[in-house]
Amino acid sequence: AGQHGSDDGIVHGVKGSGKFKCIYRDADYGGCSSVCNLHDDHKMWHDPSGCSTYPDRIGFYIDSTAANAYDSDSYDLPTWDSLTQPAAVASQLREDAHSPNPLGYDSAVECQKLCDNHDGCDHWYLEYEADRFKCYLKKAYEGKDDHCHE
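Because the structure is a prediction, the values reported are computed rather than measured.

## A few points about the state of the cysteines
Taken as a whole and judged by the stated rule, the model has two disulfides. The disulfide partner of Cys111 is Cys135, and the S-S distance across this bridge is 2.0 Å. Between Cys111 and Cys135 the sulfur-sulfur dihedral comes to about 85°; the bridge is accordingly right-handed. Placement of the pair is Cys111 in helix 1 (residues 105–116) and Cys135 in strand 4 (residues 132–138), with a sequence separation of 24 residues. We note that Cys111, like Cys135, is buried.

Structure (structure tokens):
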């Protein structure tokens, strides 16, 4: 349950407060098998071997690099050449265990804010893996046809 506006009462089926919000599950802009990164034969949608063109990842944030119950090693921050600033820990990505929102929603909102505040960020993608929230910030494709709007 949530609200349509900040002054409205609780409405079942609406997540969070404010105007309409939409978070697409498994929507990774430029990820393998996305509209702009298909195999040549368009048949093997989930096979990463045929994906070769990805948008630049210009930012990366994670809620914690500490070892946890799922991973006994600490997480090493990536050092991709495309990063426009060093990868970093953003503790605001960690969700409150008692949040009324579905898993990933609150973290996705924070990831979008990180993108909004990062020069050159056109798209973002949030991943939850091994009890860690990972926020990827991406540029739009350069030189792609107009159909790459995902």
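## A word on the sheet that holds strand 4
Overall, mixed pairing links the four strands, which are arranged 2-1-4-3 in an open sheet. Two strands in the sheet have a free side with no partner beyond their single neighbour: strand 2 (88–89) and strand 3 (123–129). Examined bridge by bridge, strand 1 (residues 57–62) and strand 2 share two bridges and lie parallel to one another. When the bridges of strand 2 are listed, Tyr61 appears paired with Ala88.

## Observations concerning the pattern of salt bridges
Considering all chains together, one arrives at six salt bridges under this definition. Two residues, Glu110 and Lys113, come together in a salt bridge whose shortest N-O distance is 3.3 Å. Taken together, the residues Glu110 and Lys113, both in helix 1 and three residues apart, mark about one turn of the helix. Given a relative accessible area of 42%, Lys113 falls into the partly exposed group. Among the ionic pairs, Glu127 bridges to Lys134, the shortest N-O distance being 3.7 Å. Among the residues examined, Lys134 registers a relative accessible area of 6% and is labelled buried.

About the cut-offs
Residues numbered from 1 in each chain as written. Predicted model: local features only at pLDDT ≥ 70, side-chain atom pairs only at ≥ 80, totals over all residues. Heavy atoms only, no water. Disulfide = S-S within 2.5 Å. Helix = DSSP H or I, 4+ residues; strand = E, 2+ residues; numbered from the N terminus. Buried < 20%, exposed > 50% of the residue type's maximum accessible area, 1.4 Å probe, protein only. Pairing = 2+ DSSP bridges. Salt bridge = Lys/Arg side-chain N within 4 Å of Asp/Glu carboxyl O.

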